[in-house]
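Structural overview
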Amino acid sequence: MLARAQTFTIEGLQTRQVTVEVDIRGGLPNFAIVGLANAAVREARDRVQAAILNSGYEFPARRITANLAPGDVPKAGPGFDLALACAVLAASGQISNERLANHALFGELSLDGEVRPCHGSLAIAQATREAGLHALVLAPQRAREAGLVEDLGVVAARCLQSVVRVLNGGPGDAVTPASVPPRIGRGEMGEEWEQDLGDVRGQRQAVRALLVAAAGAHNMLLSGPPGTGKTMLAQRLPSILPPLSSSEAIEVTRIHSITGSLDSEELVRRRPFRSPHHSVTTAGLIGGAGRGWVGEVVLAHNGVLFLDELSEFSRSVLEALRQPLEDGRVAIVRAQHSAVYPARLMLVAATNPCPCGYLGEGERCRCTEADLARHRRKLSGPLLDRIDLLATVERPSASELRAAPVTSSQNAREQVIGARERQAARLKDDGVTANAQMDVHMLRRHMALDASGVQMLRKVQECGELSARGQHRLLRVARTVADLEGSRHTSKRHLAEALGWRAEVTLQSRRVA
Amino acid sequence: MSAEPSRGELCRHDPCFPAALAQMRGAPRVLYVVGGPERLERLLSQPAVAIVGSRKATDYGMETTRGLARGLAASGVTVLGALADGIAAAAHLGALEVDGPTVTVMPGGADVCSPASRRALHKRIGDVGCVVSEQPWGRGIRRWSHLARTRIVVGMAQMVIVVEAEEHPTALAPARLAEVLGRAVAAVPGRVSSPVSQGPHALLAAGARLIRGPQDALDALYGVGVKQAPAKKIPLTPSLREVLAQVGSGHDTLAKLAAAGNDAEETIVALAELELTGALVRGDGGRYLPRG
């Protein structure tokens, strides 16, 4: 007898529908799984057999062939167990075939028949709806996550017996599904952050730079001696970023659900903050180490990628960041597969100002000019070209450490959200949301330089040292400064502040080497 | 592309040979000159000042040296140096900013750039000034050749200005050589707490001439008030001038300026304007330096 069950496989961030076909006929007892299954799927054989027997059903002692179609899609992961078990039960006449056709089944089975949660439930739920299936059956721990998808029946099943009950027309096990909250407004973000900007004393300039960067989604570099708070500042960036919009939240939850880095069953509301160690490899950062492996830039999608000790990262790794920083996506091509992943992120990097770290601290720095040149060379080029703001973090004085903090995260976040709203309103026809994403045409349309601004820009151009790209970066940051102030026009003082944040060392052309 | 600069060799008994050098004990027998003997003679017919100092210079030292060399070169004084990293390179760069006269001496052959990272500067000095050596073309560098090179730099100069140097016999070798050869010794003061200020301060304490800028050096060469250094012509409003003065007195970051009671917003605009007019440069670590 033949039975079919529906499930899905995940490759990278993409899902593919898989039909599990089980055929049972006379012959020596055997259970074979065919259809490009990897080790985890082939091991399902033993789990499925034990789970069926331990749940009190009969495992036919005949020749069983399971086929995972289509046969050219590689299948990975333990999520096929449930579909295999149900197809076996249906093929042996223990459950009816009719409901099996319009229910997607996704879950791993334990030997005693319990349904275990698998990674990527949100993506599977989305795929189920797109495939037009009636409902998705999965472990109760993942039901809330799958419930984020609208117009889809999600049925939680604790064990194989519950699944059989559902497929025979009974109810699932009770869980409360999560709901997608409407776009989170300003007032609702009063939640507490463990890491608040209010912990930072002094550092007025660096805090301001952080605010400007957050307001325009600009990439920034924090430079300063060890122990002055570069990492501390960067870690507080997520607390002042605007909350994820509902579509962004779904995207982020989906990615983190697939990679298994989701720490709750709820929708992710906070922007991701990834800080890979500087020993990270290109494949670890970008992805593509194995089939479907996503890198840190993808995990930081819609959030922040923090590179601490930037000069310690290998040059090839930093070079590889160009594409995601430029396009907001990574295209991975390997011999056997290729994939395009979203990677729209805000880069924050921290570095010592010189190899010893104490440059600018009076006589403590003993680096030679050649050391500095080497250090600068290492940072410049590929990456410095994409840094919009360079913030210098100084050692705060004793009185600053005693003084009240410059601002709190709550305060800063309100300013950031205000500035982002102004940007979004202005840029709504251009398909981008933040100033950092403006291209040359948008810059021309939206800069609104006033007379003093035009004059200042002309002076900058006459100095002749800032490249065209450098000027564009300058303009974007100036626009953000104006947005923070709520000013419609970009004027001299906004450009002046942006000039102070620029990453280029010199403005004046000095003609000789 | 400019043509290759002319090259030539110069015997000690050639009338073109630098007179000051020829009178020196242990003068080189032959000078190999990139730029040609005629140009060397012309460059050394006017007063020549050697600017020497540490390779581990601070950015204060670098900026001061640049300003000093620029002022001297603009007043028609030839700047001599050694093309090493740090102060020496800054001296050449300052002179070249105004296309002024400058001569450098190589420890190996005059066509062998040392350190190699200064290739561009080596080439540019060869194009507009002279690169000199007592070593034959293409000769590599020996352990002793740096000190031997220093003797030629000092020998060609009327005055040796030490900008930043540790108080150490090797670092102060140019000053000692200058004393032996009867050249005037001068020094630029720095912060008393900085190790690279110890050398110049020791020289000053021992009676070296105090140099605060190009005008002091010109007074020493020509007599007080005889020749004026060309004044910088940067028109500044009084408020900008005040910010510039504060930066010069050590409030060199925005945070320090704000702490000194300036309005942060006005200061941001002032710093940007000062930088755009060239009165300030932004150094490493985000600090601003008055352009010397």
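Residues numbered from 1 in each chain as written. Chains lettered and ligands numbered in written order. Predicted model: local features only at pLDDT ≥ 70, side-chain atom pairs only at ≥ 80, totals over all residues. Heavy atoms only, no water.

What to know about the overall build of chain A
Each helix and strand in chain A was counted, giving 20 helices and 16 strands. By principal-axis analysis of the C-alpha atoms, chain A measures approximately 90 × 45 × 45 Å. The 513 residues of chain A split such that 54% are buried. (Helix = DSSP H or I, 4+ residues; strand = E, 2+ residues; numbered from the N terminus. Buried < 20%, exposed > 50% of the residue type's maximum accessible area, 1.4 Å probe, protein only.)

Remarks on the overall build of chain B
Scanning chain B for helices and strands turns up 12 helices and 11 strands. Computed over its C-alpha atoms, the radius of gyration of chain B comes to 20 Å, within 12% of the 19 Å expected for a compact globule of 292 residues. The dimensions of chain B, computed from C-alpha atoms along their principal axes, are 65 × 45 × 40 Å. In chain B, once contacts between residues fewer than 6 apart in sequence are set aside, the share between residues at least 24 apart is 69%. (Rg over C-alpha atoms; globule rule 2.2 N^0.38 Å. Contact = heavy atoms within 4.5 Å.)

Quick look at the domain arrangement of chain B
Interface size is commonly expressed as the accessible area that is lost once the parts come together. Assigned domains of chain B: these are domain 1 (7-222) and domain 2 (238-290). The C-alpha-based centres of domain 1 of chain B and domain 2 of chain B are spaced at 32 Å. (Domains from an automatic or database assignment.)

Re helix α6 (residues 145-156) of chain B
The terminal C-alpha atoms of α6(B), which comprises 12 residues, lie 17 Å apart, in line with the 16 Å expected from a rise of 1.5 Å per residue. Along α6(B), the residues that are buried comprise S145(B), A148(B), R149(B), T150(B), R151(B), I152(B), V153(B), V154(B), G155(B) and M156(B). (Expected span 1.5 Å × (residues − 1).)

Some details on the packing of aromatic side chains
Residues and elements named next belong to chain A. This structure, assessed with the given rule, holds three aromatic pairs over all chains. Summarising the aromatic geometry, the rings of F31 and F59 are spaced 5.7 Å apart at their centres and angled 55° between planes, so their arrangement reads as tilted. One end of the pair, F31, is in strand β3 (residues 30-34); the other, F59, is in the loop between α2 (44-54) and β4 (63-69), and 28 residues separate them in sequence. Exposure class is identical for F31 and F59. Each is buried. Here F273 and F306 contribute two aromatic rings whose centre-to-centre distance is 5.8 Å and whose plane-to-plane angle is 25°, an arrangement assigned as stacked. Residue F273 is found in strand β11 (residues 273-274), and its partner F306 is found in strand β12 (residues 304-307); the two are separated by 33 residues along the sequence. The partly exposed category is assigned to F273, whose relative accessible area is 24%. (Phe/Tyr/Trp six-rings, centres within 6.5 Å; stacked < 30°, edge-to-face > 60°.)

Describing the domain arrangement of chain A
All names here are of chain A. The domains assigned to chain A are domain 1 (2-167), domain 2 (196-416) and domain 3 (438-501). Relative to domain 2, the C-alpha centre of domain 1 lies at a distance of 41 Å. Residue-level contacts link 17 residues of domain 1 with 18 residues of domain 2. Roughly 1600 Å² is buried in total at the junction of domain 1 and domain 2, and carbon and sulfur atoms are behind 58% of that figure. A per-residue breakdown of the area domain 1 buries against domain 2 is headed by L13, R144 and L148, which together make up 37% of the total. Taken together, the connections running from domain 1 to domain 2 amount to zero salt bridges. Here domain 1 is connected to domain 2 by five residue pairs in polar contact (both at pLDDT 80 or more). Looking at the side of domain 1 that touches domain 2, the elements with two or more residues in it are β1 (2-11), β2 (14-25), α4 (121-130) and α5 (143-146). Top element by residues in the side of domain 1 that touches domain 2 is α4. It accounts for four residues. Across the side of domain 1 that touches domain 2, the residue classes tally to six nonpolar, eight polar and three charged. (Buried area = accessible area lost by both parts, 1.4 Å probe. Salt bridge = Lys/Arg side-chain N within 4 Å of Asp/Glu carboxyl O. Polar contact = N/O pair within 3.5 Å; in protein donor to acceptor, adjacent residues only side chain to side chain. Nonpolar A, V, L, I, M, F, W, Y, C, P; charged D, E, K, R; others polar.)

Concerning the sheet that holds strand β8 (residues 184-187) of chain B
Residues and elements named next belong to chain B. Strands sit in the order β1-β2-β6-β5-β4-β3-β7-β8-β9 across an open sheet of nine strands; the sheet is mixed. The sheet is open, and its two borders are formed by β1 (7-11) and β9 (209-210), each paired with just one other strand. In terms of strand pairing, β8 meets β9 through two bridges, oriented parallel. Bridging across to β9, A187 finds its partner in L210. (Pairing = 2+ DSSP bridges.)

Quick word on the interface of chain B and chain A
Opposite the 42 residues of chain B that make contact, chain A presents 34 residues. Interface area for chain B against chain A, summed over the two sides, is near 3300 Å², with a carbon-plus-sulfur share of 53%. Counting across the chain B and chain A interface gives two salt bridges. Of the charged contacts, one joins E275(B) and R502(A) as a salt bridge, the two residues approaching to 2.6 Å between their closest N and O atoms.

Re the side chain of R236(A)
Following the sequence through the fold, R236(A) ends up in the loop between α8 (230-235) and α9 (246-259). Sequence-distant contacts of R236(A), defined by excluding residues within four places in its chain, comprise Q195(A), D196(A), L197(A), D199(A) and V200(A).

Here's the deal with the packing of helix α18 (residues 451-463) of chain A against helix α20 (residues 492-501) of chain A
Residue and element names in this part refer to chain A. α20 packs onto α18 with a crossing angle of 35° between their chain directions and a minimal axis gap of 7 Å. Of α20, the residues touching α18 (which contributes S452, G453, M456, L457 and V460) are K492, L495, A496 and L499. Here the residues of the contact of α18 with α20 sort into six nonpolar, two polar and one charged. (Axes fitted to C-alpha atoms, helices over the stretch in contact; angles between N-to-C directions.)

What to know about unusual backbone geometry
Across the chain, the bulk of peptide bonds are trans and the bulk of non-glycine residues have phi less than zero. Note the cis peptide between A69(A) and P70(A), where omega equals 5°. You can see P70(A) is positioned in the loop between β4 and α3 (81-91). Here the bond from S114(B) into P115(B) is cis, since omega is -5°, no more than 30 degrees from zero. Structurally, P115(B) is set in the loop between β5 (102-105) and α5 (119-128). Of note in this structure, A217(A) is not a glycine but carries a positive phi near 55°.

Notes on the confidence of the model for chain B
Per-residue pLDDT for chain B has a mean of 90; in total, 98% of the residues score no lower than 70. Scored by ipTM, the complex comes to 0.70, with pTM at 0.80. (pLDDT = per-residue confidence, 0-100.)

Some points on the sheet that holds β11(A)
Residue and element names in this part refer to chain A. In spatial order, the strands read β11-β12-β15-β10-β16; together these five strands make up an open sheet with parallel pairing. With one partner strand each, in any of the chains shown, β11 and β16 (389-392) form the two edges of the open sheet. With four bridges joining them, strand β10 (residues 220-223) and strand β15 (residues 346-351) adopt parallel strand pairing. Its bridge partner being in β15, S223 is matched across the sheet by T351.

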